[in-house]
Amino acid sequence: MLPHLRPGIVAGSLLALARALGEFGAVVIVSGNIINQTLTAPVLIAQLITGFKPEAAAAIGTILFGLAFVLVLIVERLVGRREVES
Amino acid sequence: VSVREIEPPRTSERTRRRLVHGGLTAVTVLYIGLLIVAPLVGIAIAALKPGLSGWTETLSQPDVRHALALTAVITFETVLVTSVLGVVVALVLARDRFPGKRFVSALVDLPLAVSPVVVGLAAVLLFGNGGWFEPWFSARGIQILFAVPSMVLVTIFISIPFVIREVAPLLEELGTEEEEAARTLGASWLQTFLRVTLPNIRWGLLYGIALTTARAVGEIGAVLIVSGSIAGQTETATLYILRAFDEGKDPSGYMVALILALVSIVLLAGIEIFKSREEKELT
């Protein structure tokens, strides 16, 4: 059973990972956004933009975007291969 | 297949199997219950505590009304755009072969993976001071950033995948036989689409629209960045909730949160009910 499910499980986990990396709304409400303690990357980006530091925000944003892009390409490979096999 | 598997399971094995199934069911109920049902019940209790007078007081505030209306407008425009263009993209992805199709298919999923805050940042960099598109729009006096257009734009971006991902598999499963039959019988392209294709994909389309609505109604990250969150002007319902908690108006925040949650739940449950009812009629 597990070998058949593996591509789906991995693809799902990677999308979950991407979602977790980028989560903002729920985190900003519960975390209090304490620097070096509960400040996550998306919340930091939001703070940098409102603090008129778009270059710094763009730097972190590029890293997050790159990660998301790589994850999506891997997911497509996994799911696409499954379609070819079936 | 080994011989042991063909024999009827012994009693000990049957109880073990029952224990395993019971355990898995318990984990499922606990997981969904703790992480999904409990917060929902918590919001409902907190929102209903102030009673009817609290609700009329919150709902009569101009800021709250404006925020809910703005969310409705943005969601409506998002659904309109993503369902029309979503069906087009789904048709292309399901029917056409072209170089780089896998890459396009991967790009469709990108809005699910990329952080909404990064989406908002991209909009700021494109439409803000010094951005690529800023001179063109400012020369024509069109305000994009800190106004509704950019809010609709980012909401469309983060909602792109839902209709496509619900409709494309249905189109692949459907094949082209029925459509070709309609065409050979003299139906025009439009007639074929409206009478043959659309009825076949309508549940997928409706489910995609419901998911789009749920995402658009609940969006906060991208909208916060591009809107400036001006109360009574560019403040959506989710942004109002954020401000309500900041300003210690928790009960109002819970009430608006409950409204948003109910919109999504009623839509998704409604489609599920109608779909199963129609499937029963067909069999």
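Residues numbered from 1 in each chain as written. Chains lettered and ligands numbered in written order. Predicted model: local features only at pLDDT ≥ 70, side-chain atom pairs only at ≥ 80, totals over all residues. Heavy atoms only, no water.

1. Section: the packing of aromatic side chains
So, point 1. Overall, the coordinates contain 7 aromatic pairs over all chains when judged by the stated rule.
So, point 2. Residues A:Phe69 and B:Phe103 carry aromatic rings whose centres are separated by 6.1 Å and whose planes lie at 85 degrees to one another, so their mutual orientation is edge-to-face. One end of the pair, A:Phe69, is in helix H4 (residues 54–85); the other, B:Phe103, is in helix H5 (residues 101–113), on a second chain.
So, point 3. With relative accessibility at 24%, the residue A:Phe69 sits in the partly exposed group.
So, point 4. Relative to B:Phe193, the ring of B:Trp189 has its centre 6.0 Å away and its plane inclined at 5 degrees; by these criteria the two rings are stacked. Residue B:Trp189 and its partner B:Phe193 are located together in helix H10 (residues 189–218), separated by 4 residues, close to a single helical turn.
So, point 5. A residue is classified by how much of its surface remains accessible, and B:Phe193, at 16% relative accessible area, is buried. (Phe/Tyr/Trp six-rings, centres within 6.5 Å; stacked < 30°, edge-to-face > 60°. Helix = DSSP H or I, 4+ residues; strand = E, 2+ residues; numbered from the N terminus. Buried < 20%, exposed > 50% of the residue type's maximum accessible area, 1.4 Å probe, protein only.)

2. Focus on the pattern of salt bridges
Charged atoms that come close allow side chains of opposite charge to pair.
All names here are of chain B.
So, point 1. Following the criterion strictly, the structure yields 9 salt bridges over all chains and no others.
So, point 2. A salt bridge links glutamate 179 to arginine 95; its shortest N-O distance comes to 2.9 Å. One end of the pair, glutamate 179, is in helix H9 (residues 177–184); the other, arginine 95, is in helix H4 (residues 62–95), and 84 residues separate them in sequence.
So, point 3. Residue arginine 95 is classed as partly exposed on the basis of its relative accessible area, which comes to 22%.
So, point 4. With a closest N to O distance of 2.8 Å, aspartate 109 and arginine 165 form a salt bridge. Here aspartate 109 is found in helix H5, whereas its partner arginine 165 is found in helix H8 (residues 148–174), with 56 residues between them in sequence.
So, point 5. Overlapping salt bridges bring together Asp63, Glu235, Arg243, Glu247 and Lys249 as one network. (Salt bridge = Lys/Arg side-chain N within 4 Å of Asp/Glu carboxyl O.)

3. Topic: helix H6 (residues 116–127) of chain B
Residue and element names in this part refer to chain B.
So, point 1. Its 12 residues give H6 an end-to-end C-alpha distance of 16 Å, which sits within 8% of 16 Å, the value for a rise of 1.5 Å per residue.
So, point 2. Within H6, 9 of the 12 residues are buried, leaving the element largely enclosed by the surrounding structure.
So, point 3. Buried within H6 we find Pro116, Val117, Val118, Val119, Gly120, Leu121, Ala123, Val124 and Phe127. (Expected span 1.5 Å × (residues − 1).)

4. Here's the deal with the interface of chain A and chain B
So, point 1. Counting residues at the interface gives 25 residues for chain A and 22 residues for chain B.
So, point 2. Contact between chain A and chain B buries roughly 2100 Å² in total, counting both sides, with carbon and sulfur atoms accounting for 80%.
So, point 3. A salt bridge links B:Arg102 to A:Glu76; its shortest N-O distance comes to 3.5 Å.
So, point 4. On inspection of chain A and its partner chain B, the count reaches 2 residue pairs in polar contact (both at pLDDT 80 or more).
So, point 5. When contributions to the side of chain A that touches chain B are tallied by element, the ones reaching two or more residues are helix H1 (2–22), helix H2 (25–31), helix H3 (41–50) and H4 of chain A.
So, point 6. Considering every element that reaches the side of chain A that touches chain B, the biggest residue donor is H4(A), with 14 residues.
So, point 7. Grouping the amino acids of the side of chain A that touches chain B by side-chain chemistry returns 17 nonpolar, 4 polar and 4 charged. (Contact = heavy atoms within 4.5 Å. Buried area = accessible area lost by both parts, 1.4 Å probe. Polar contact = N/O pair within 3.5 Å; in protein donor to acceptor, adjacent residues only side chain to side chain. Nonpolar A, V, L, I, M, F, W, Y, C, P; charged D, E, K, R; others polar.)

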